[in-house]
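For reference, the chains in residue letters:
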Amino acid sequence: MSSPDTATAVRPARRLTIARAIAEAIGQEMERDSDVLVMGEDIAKLGGVFGTTTGLLDRFGPERVRDTPISETAFIGAAVGLAASGMRPVVELMFVDFFGVCMDAIYNLAAKQSYFSGGQVTCPMVLMTSVGGGYGDAGQHSQALYATFGHLPGLKVVIPSNAHDAKGLMLAAIRDPNPVIFMYHKALQGMGWLGTVQRSITDAPEGDYVVPLGKAKCVREGEDVTVVGLGLSVHQALDAAGRLAEEGVSAEVIDLISIAPVDRETVRASVRRTGRLLVVDDDYLSYGVGAEIIASVCEAGIPLLVPPQRIAFPDIPVPFTPVMEHFVLPNADKVAAAVRQMMEVPN
Amino acid sequence: MSSPDTATAVRPARRLTIARAIAEAIGQEMERDSDVLVMGEDIAKLGGVFGTTTGLLDRFGPERVRDTPISETAFIGAAVGLAASGMRPVVELMFVDFFGVCMDAIYNLAAKQSYFSGGQVTCPMVLMTSVGGGYGDAGQHSQALYATFGHLPGLKVVIPSNAHDAKGLMLAAIRDPNPVIFMYHKALQGMGWLGTVQRSITDAPEGDYVVPLGKAKCVREGEDVTVVGLGLSVHQALDAAGRLAEEGVSAEVIDLISIAPVDRETVRASVRRTGRLLVVDDDYLSYGVGAEIIASVCEAGIPLLVPPQRIAFPDIPVPFTPVMEHFVLPNADKVAAAVRQMMEVPN
Amino acid sequence: MNGASNASDRLWMYATMVKSRHFEALIKPAYFEGKSPVFNMAKGPLPGEMHLSDGQEPCAVGVCAHLRPGDTITATHRPHHVAIAKGVDLDAMAAEIFGKASGLAGGRGGHMHLFDARVNFACSGIIAQGLGPAVGAALASKLRGDDTVAVAFLGEGAANQGAFHEALNLASVWKVPAVFVIEDNAYGISVSKRDCTAVERNADRAAAYSMPGHFVAGNDADAVHAIAGEAIARARRGEGPSLIEIETCRLEGHFMGDAEGYRPAGEVERLKARDPIPAYRARLLADGFEAIDLDRAEAEARAAVDAAFAFARAAAYPDPEEAFAHVFA
Amino acid sequence: MNGASNASDRLWMYATMVKSRHFEALIKPAYFEGKSPVFNMAKGPLPGEMHLSDGQEPCAVGVCAHLRPGDTITATHRPHHVAIAKGVDLDAMAAEIFGKASGLAGGRGGHMHLFDARVNFACSGIIAQGLGPAVGAALASKLRGDDTVAVAFLGEGAANQGAFHEALNLASVWKVPAVFVIEDNAYGISVSKRDCTAVERNADRAAAYSMPGHFVAGNDADAVHAIAGEAIARARRGEGPSLIEIETCRLEGHFMGDAEGYRPAGEVERLKARDPIPAYRARLLADGFEAIDLDRAEAEARAAVDAAFAFARAAAYPDPEEAFAHVFA
Ligand SMILES: Cc1ncc(C[n+]2csc(CCOP(=O)(O)OP(=O)(O)O)c2C)c(N)n1
Ligand SMILES: Cc1ncc(C[n+]2csc(CCOP(=O)(O)OP(=O)(O)O)c2C)c(N)n1
Ligand SMILES: [Mg+2]
Ligand SMILES: [Mg+2]
């Protein structure tokens, strides 16, 4: 007689990409809950440009897996109406860069339905969307826009850095009674046609589990500096931490996971120990994630050994040509260099 | 023979509202430059819901003062096309809250035209828009959204706190070869039907002058604490500073004026002297103006006597009922209380 | 008279129009409380914008006569007449507009954000924002196989917003039970329809979505009733969406405090002379209704509104801390 | 043949189609450089998405034959054929696509963001984004009283985006010299037109904006030329905007690397059998053009493209610091 624990322990490890993890989570939840449906551009026959809905049309049919016209305002608005009617729509905005054609339906409608109705009407929907650049797709297909979504109340906003979290976050998101923006980073997605950071491809339970929304996670412990990242930048931080360790610098890495609500306490607790803070993200710098994390730590009066620092995408449109794009994108070298400099400053 | 200076000195002071200052600036620039035109909802016959175009239809006729359909995407997009063709459109987005139906035309189109064209095609346009609440207009007509616009590159973003600056900023904005978001706060606008902070109604030269984009201004000198505000919150800071002075606390007040680019140096210089920083704004707190200013000061390693603080609108939709709305809005009392607390903390 | 409306619907429509008009009549003095001698929108028990529906009642009643609580409505920034016709709780609606704790949303929403889940009513302040949600509600109905419908109201000004186009196309492609109702009051704030709309009749735009487009002239409850009945029945039968354009009028300003300088001289007087409510009463009398029945229905309608306002006035303001509740479910 | 196209326009259209096709032909191997053995969009001299225009050349040449440098075009994410037909600097265009310093935007824009101010050409990667700007350019023309026109290209998928509706309405209300050209290649990525569009013919939607709507069948440069000529002349005369829907086809995937599993079996083969360029050559020969003239024009077209690619390949990459230039003018 094997206990469930033993059973889990002996199951063979899988190698799941974030894309497959997302599709698996949605599929499992569609099995479990007939109110779940998926809508978006190219999510049915094609299975999603970024593979988030692979196989779902065949399993669940065209009533529950719906290709839409190129009408983001209408189909995201429709998702709100579905949610108000008790359904649980998962909709895809193919690139976050397209938010400009449909933000009203997201931030003024979905995000405020619970509030405006005094809790009578909820809005259980997931809006999943791809973020990030680094592959030469230029200024309207490479943005991150974390802070744009984090700034507006009524939305939960998450971004996984690996397949395990992606599956658990997607299950949590679909079950949450609120609108959840689920961002996935193209450089972590594991599509055949896009390079993928290998560390994002992980094992993940085949069954049901959730990763809680709203919680950050320490993904590498360290003593000298806290490096906060999210999505892709978690891996840049981990890569840098590995190199820094060889140099005798011990970096703690926090995976923010959730942009809204943002888990200030996990970050503060870490910085209280390390006394140094570096935030890394690939969204635009000003009014961005770095500013929010730095302010959250500083306003709490946590003593710092050196000034807090941030690495982000500069306040410029994303240039097409790789020589420019890679010059301005954050990367592990920049993270390591920033940490080295923070260690040098006499305290 | 009187010198121009003398002439200026003896002209009778005027009392101009921000609304009249804006309309005057646009009118003067339309006289001077035949490429300037105005478009928006209710800006012709009505003169703008918030009075920004009063009298312009009569003076310049319907070809240059154009009421539009309720089609923000089309008419803001059209402004970009006009600007690309060498015209200088001033367009109004009636409430900033409506950005969700047209942000693509603003941030992905207007903001990136210069960059994507390598400087071949500029985008000299002004998008003016009302911000702010406090008068019971509820959650889709009371938002500030400074950081939403400040976060996205390629846009200049300003907000005047008084009529003098409004006129000079508008003249600067129209002449600037870039897209400028000109935000005006409803509580300062001086409309007959909306209460107005009297200090925003100021004298302003009748002639031509510009207030430079991108520059903050110290509007009250002080030694103990730097209070940074913008638009309405400048007045809350000034009111608080007046009361605090009676209590022996000397507060310096910085009017940010420009959200993007944000004038970090003026703020840093002030905080270097005072050692204390409080930021006040009525936009949502997280990923907001307060975070950016605090991060800008802290990352520069400026020594602080107490942790920096921020007062902002909390991360909730704007409630309709005044008992809730006024409870959560920033005000002079909250500013004064925060400063008092910052002065109490033993350093 | 239009034969399609039966007597009980007609009496209900009359009484409901009276109820709606009386609601606005009580709003008016309340809105000006605290706003004199100097008018300041921020002051008084009813701060903020206030969009009255006087004149547009036939649109609401002619449509809602066919609806049940399970059917969905998404309405606009000018929602009172539609909310009342849909059966939104009148006490809670009045209390919401007064910002009271017993309001529909405990005072969080206000007059542009009235939600009553009991009767599936919602409205909002962004032009054409409700159209997408109506398509979604209609899709939910289709997926569940019930025969509910969703009706989106919009103004003629809203028919130039991109959301209109997208929602009608989507509703048609997915063949959902949705009905789009344009209340054409000839103005979007100060801008007249002919200055901003490229077609004479928005109903003609239905052809761009392969759906039936109906135009109802004369701001006439019976005529609306007939056409809406057809469109709603079609939707319930699973035959897809329709567009209805109703010629109506706005007897008041865009919002309270509007000086209406953009109206041609005498327009309001001309419109008031054709006020649809007295006209409908006259028609009912001509069609054989008894004055005493109409009077009784009217009195009941007014009494319900009076009671709702009394309830709202007497109700308590919420605890300010309540601002933080219901941001998330 | 269509009598409206004169011989020199026809020769130009043929040569320009060949030029455009040859441009795409040279893109193909270049795009796959560095992307094998493992296809990775991020790699090689041409990273990112690449949308080829093979098959859609008749749309570009039939319209652009009527345009002058002062006329404006806003094109889409699939812009090469239109850019070439509008006379965008071929060397600088190729260099831009290769991300070089001598590219149109010094490499900042890339293939979806080609701007050439000399000939008033722009394109962008957001669906239907160019329509508003085209209305603006057309308004500028009207305000200045010159006779330039603005043409917005869009795909049939884009005709379901709100911006389409708003821009056509605005163009009509303001009666500006704009022409909207829909290239109907039957797909938006994987979604076929009939699965997402509520009308059979997008040209019929013109009626919703009181403007002429034309449908051009057969992916035929002469037919496009005739209709576009009419619409553009109308616009130049100050008589307002038109909508043109052109039946065309996409001979390649949506973007390079697209497995095209959504296509019915044999579709690409059928389409390639009706390739508009050889068909046009055959028609020109039948109409009396000399093979030698066509060959010469073809050779010149190819040579120009070859030279542009040679220029682009040889050109230097920009200084990375240049990323910070031109954010603001
Ligand atoms: C997207 C958007 N743009 C502009 C407004 C401002 N606005 C509020 S009501 C209104 C006029 C609406 O006209 P119409 O649709 O005809 O409705 P009516 O007011 O006549 O009932 C406008 C422009 C808004 N609320 N939302
Ligand atoms: C607003 C927006 N939504 C979605 C996309 C993603 N997208 C890029 S091309 C495309 C299909 C466009 O189809 P169509 O307009 O027919 O043009 P085609 O690709 O066939 O030339 C889509 C959905 C986008 N770029 N912008
Ligand atoms: Mg109207
Ligand atoms: Mg297409």
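About the thresholds
Residues numbered from 1 in each chain as written. Chains lettered and ligands numbered in written order. Predicted model: local features only at pLDDT ≥ 70, side-chain atom pairs only at ≥ 80, totals over all residues. Heavy atoms only, no water. Contact = heavy atoms within 4.5 Å. Buried area = accessible area lost by both parts, 1.4 Å probe. Salt bridge = Lys/Arg side-chain N within 4 Å of Asp/Glu carboxyl O. Polar contact = N/O pair within 3.5 Å; in protein donor to acceptor, adjacent residues only side chain to side chain. Helix = DSSP H or I, 4+ residues; strand = E, 2+ residues; numbered from the N terminus. Nonpolar A, V, L, I, M, F, W, Y, C, P; charged D, E, K, R; others polar. Near = heavy atom within 4 Å. Areas by Shrake-Rupley, 256 points an atom, 1.4 Å probe, with all protein chains shown as cover. Least-squares fit on C-alpha atoms with pLDDT ≥ 70 in both. Domains from an automatic or database assignment. Buried < 20%, exposed > 50% of the residue type's maximum accessible area, 1.4 Å probe, protein only. Donors = N, O, S within 2.8 Å, 3.2 Å for Na, K, Ca; no water. Phe/Tyr/Trp six-rings, centres within 6.5 Å; stacked < 30°, edge-to-face > 60°. Pairing = 2+ DSSP bridges. Axes fitted to C-alpha atoms, helices over the stretch in contact; angles between N-to-C directions. Parallel < 35°, antiparallel > 145°, perpendicular 65-115°, else oblique. Left-handed = near helix turned anticlockwise from the far one by under 90°.

**Student:** Go over the interface of chain A and chain B, please, and point to the residues and values.
**Tutor:** On the chain B side, the residues contacting the 51 residues of chain A number 51 residues. For the pair chain A and chain B, the summed buried area comes to about 4,200 Å², and 60% of that belongs to carbon and sulfur atoms. On the chain A side of the interface with chain B, the three residues burying the most area are A:Tyr115, A:His151 and A:Tyr287, jointly 21% of the side's total. Our enumeration of links across chain A and chain B arrives at 4 salt bridges. Taken together, chain A and chain B are joined by 36 residue pairs in polar contact (both at pLDDT 80 or more). Mapped by element, the contributors of at least two residues to the side of chain A that touches chain B are helix H5 (103-109), helix H6 (113-116), helix H7 (146-150), strand S11 (277-284), helix H11 (289-299) and strand S12 (309-313) of chain A. For the side of chain A that touches chain B, the element with the highest residue contribution is H11(A), accounting for 8 residues. Residues of the side of chain A that touches chain B, tallied by class, amount to 29 nonpolar, 13 polar and 9 charged.

**Student:** Pulling in residues and values, what's your account of the site of ligand 1?
**Tutor:** Of all residues adjacent to ligand 1, which total 21 residues, the nearest are B:Glu72, C:His77, C:Arg78, C:Asn185 and C:Tyr187. Per-site note: the chains with residues close to ligand 1 are chains B and C. In the model, an oxygen atom of ligand 1 is placed 2.9 Å from a nitrogen or oxygen of the C:Glu156 side chain. One of the backbone nitrogen or oxygen atoms of C:Tyr187 is found 2.8 Å away from an oxygen atom of ligand 1. Protein contact buries 98% of the 580 Å² of open area that ligand 1 shows by itself.

**Student:** Could you give an account of the relation of the copies chain D and chain C, with specific residues and numbers?
**Tutor:** Superposition record for chain D on chain C: RMSD 0.0 Å, screw rotation 180°, translation along axis 0.0 Å. Accordingly, the operation relating the two chain copies is best matched by a two-fold axis. Residues of chain D ranked by C-alpha distance from the rotation axis are headed by D:Gly162, positioned 1.7 Å from it. Mapped onto chain C, 100% of the interface residues of chain D are again interface residues, and the two copies thus contact each other with one and the same surface.

**Student:** An account of the interface of chain D and chain C is needed here, citing residue identities and associated values.
**Tutor:** Between chain D and chain C, the residue contacts involve 20 residues of the former and 20 residues of the latter. A combined buried area of about 1,500 Å² lies between chain D and chain C, and 51% of that area is made up of carbon and sulfur atoms. Among the residues chain D hides against chain C, the three largest losses belong to D:His165, D:Ala198 and D:Ala208. Together they make up 34% of the total. At the boundary of chain D and chain C, one finds 0 salt bridges.

**Student:** Explain the pattern of salt bridges to me, and be specific about the residues and the numbers.
**Tutor:** Taken as a whole and assessed by the stated rule, the structure comprises 90 salt bridges over all chains. Of the charged contacts in the structure, one is a salt bridge between D:Asp287 and D:Arg10, with a shortest N-O distance of 2.9 Å. Linking D:Asp287 in the loop between helix H9 (276-286) and helix H10 (291-314) with D:Arg10 in helix H1 (residues 7-32), this pair joins segments that are 277 residues apart in sequence. As a salt-bridge pair, D:Arg281 and D:Asp295 come within 2.8 Å of each other at their nearest N and O atoms. Residue D:Arg281 is located in helix H9, and its partner D:Asp295 is located in helix H10; the two are separated by 14 residues in the primary sequence. Ionic contacts of the salt-bridge type, sharing partners, join the residues C:Arg21, C:Lys28, C:Asp54, C:Glu57, C:Glu252, C:Lys272 and C:Asp275 into one network.

**Student:** Before we move on, can you summarise the domain arrangement of chain A with the specific residues and values?
**Tutor:** Residues and elements named next belong to chain A. Segmenting chain A into domains produces domain 1 (7-200) and domain 2 (217-344). When each unit is reduced to the centre of its C-alpha atoms, the spacing between domain 1 and domain 2 is 26 Å. The interface of domain 1 with domain 2 comprises 30 residues on the first partner and 26 residues on the second. Both sides together, the interface formed by domain 1 and domain 2 hides about 2,200 Å², and carbon and sulfur atoms give 59% of it. Ranking the residues of domain 1 by area buried against domain 2 places Tyr146, Ile159 and Arg199 at the top, with a combined share of 26%. Across the contact surface, domain 1 and domain 2 share 2 salt bridges. Here lysine 217 ties to aspartate 165 by a salt bridge, and the two come within 2.8 Å at their closest N and O atoms. Summed over the shared surface of domain 1 and domain 2, the number is 18 residue pairs in polar contact (both at pLDDT 80 or more). Going through the elements one at a time, H7, strand S5 (156-158), helix H8 (163-175) and strand S6 (180-185) are the ones with two or more residues in the side of domain 1 that touches domain 2. In terms of residue class, the side of domain 1 that touches domain 2 is made up of 16 nonpolar, 11 polar and 3 charged.

**Student:** Please set out the side chain of D:Thr148 residue by residue, giving values where relevant.
**Tutor:** All names here are of chain D. Here threonine 148 lies in the loop between helix H5 (131-144) and strand S3 (150-155). On the accessibility criterion, threonine 148 (18% relative accessible area) is buried. Discounting chain neighbours no more than four positions away, the residues touching threonine 148 are Gly70, Asp71, Ser141, Pro177 and Arg236.

**Student:** Can you tell me about the coordination of the magnesium ion (ligand 3), naming the residues and giving the values?
**Tutor:** Residue and element names in this part refer to chain C. The protein atoms that coordinate the magnesium ion (ligand 3) are Glu156 (OE), Asn185 (OD1) and Tyr187 (O), at distances of 2.1 to 2.2 Å. Judged by its relative accessible area of 2%, glutamate 156 falls in the buried class. Residue tyrosine 187 is classed as buried on the basis of its relative accessible area, which comes to 9%.

**Student:** A description of the environment of A:Lys112 should follow, citing residues and the corresponding values.
**Tutor:** Here A:Lys112 is to be found in the loop between H5 and H6. In the structure, A:Lys112 is positioned 10 residues away from A:Thr122 in sequence and 9.2 Å away in space, judged by C-alpha atoms. With near-sequence residues (within four places) excluded, A:Lys112 lies in contact with A:Tyr107, B:Gly139, B:Gln143, B:Tyr284 and B:Pro317. Separated by 3.1 Å, the side chain of A:Lys112 and the backbone oxygen of B:Gly139 make a polar contact.

**Student:** Tell me what's going on with the coordination of the magnesium ion (ligand 4), and back it up with residues and numbers.
**Tutor:** Residue and element names in this part refer to chain D. At 2.1 to 2.2 Å from the magnesium ion (ligand 4) lie its protein donor atoms, namely Glu156 (OE), Asn185 (OD1) and Tyr187 (O). As a motif over one chain, the donors of the magnesium ion (ligand 4) read E-x28-N-x1-Y. Taken together, the residues glutamate 156 in the loop between S3 and helix H6 (162-174) and asparagine 185 in the loop between strand S4 (178-184) and strand S5 (187-188) connect sequence positions 29 residues apart. Owing to a relative accessible area of 8%, asparagine 185 belongs among the buried residues under this scheme.

**Student:** Residue-level account of the packing of aromatic side chains, with values.
**Tutor:** Residues and elements named next belong to chain C. Per the stated rule, a full pass over the model turns up 30 aromatic pairs over all chains. Ring geometry for tyrosine 31 versus phenylalanine 32: centroids 5.9 Å apart, planes at 80°, classification edge-to-face. Owing to a relative accessible area of 39%, phenylalanine 32 belongs among the partly exposed residues under this scheme. Ring geometry for tyrosine 187 versus tyrosine 262: centroids 5.4 Å apart, planes at 55°, classification tilted. Placement of the pair is tyrosine 187 in strand S5 (residues 187-188) and tyrosine 262 in the loop between strand S8 (242-247) and helix H9 (267-273), with a sequence separation of 75 residues.

**Student:** Residue-level account of the sheet that holds strand S8 (residues 225-229) of chain B, with values.
**Tutor:** Residue and element names in this part refer to chain B. An order of S7-S9-S8-S11-S12 is seen for the 5 strands of this open sheet, with the pairing classed as mixed. This sheet does not close on itself; its edge strands, each paired only once, are strand S7 (217-220) and strand S12 (309-313). Across the sheet, the axes of successive neighbouring strands diverge by a mean angle of 25°, strand direction being ignored. Sheet analysis places S7 next to strand S9 (residues 251-255), joined by 3 bridges and oriented antiparallel. Opposite arginine 220, over in S9, you have valine 253 as the bridge partner.

**Student:** Give me the lowdown on the packing of helix H9 (residues 232-246) of chain A against helix H13 (residues 332-344) of chain A, citing residues and values where you can.
**Tutor:** All names here are of chain A. At a minimum axis distance of 8 Å, the contact between H9 and H13 shows a crossing angle of 55°. It follows that H9 is oblique to H13 by the angle criterion. Here H9 and H13 pass one another in a crossing that is right-handed. Mapping the contact onto sequence places Gln236, Ala237, Asp239, Ala240, Arg243 and Leu244 in H9 and Ala332, Asp333, Val335, Ala336, Val339 and Arg340 in H13. Taken together, the residues of the contact of H9 with H13 break down into 7 nonpolar, 1 polar and 4 charged.

**Student:** With reference to specific residues and values, describe unusual backbone geometry.
**Tutor:** Between B:Ala260 and B:Pro261 the backbone carries a cis peptide bond, its omega angle lying at -10°. A positive phi angle, near 70°, is found at A:Ala138, a position not held by glycine. Along the polypeptide, A:Ala138 turns up in the loop between strand S4 (126-131) and H7. We classify A:Ala138 as buried; its relative accessible area is 3%.

**Student:** Got a sec to walk through the relation of the copies chain A and chain B? Specific residues and values, please.
**Tutor:** When chain A is fitted to chain B, the best match, at an RMSD of 0.0 Å, comes from turning it 180° and sliding it 0.0 Å along the axis. When you check the interface residues of chain A against chain B, 100% turn up at the interface there too, and the contact is symmetric in its surfaces.

**Student:** Lay out the site of ligand 2 with the relevant residues and their values.
**Tutor:** The environment of ligand 2 is formed by 21 residues, the closest being A:Glu72, D:His77, D:Gly125, D:Asn185 and D:Tyr187. Around ligand 2 the close residues trace back to chains A and D. Between D:Arg78 and ligand 2, the recorded distance is 2.8 Å, taken from a side-chain N or O atom to an oxygen atom. Backbone polar atom of D:Gly125 to a nitrogen atom of ligand 2: 2.8 Å apart, as the coordinates give it.

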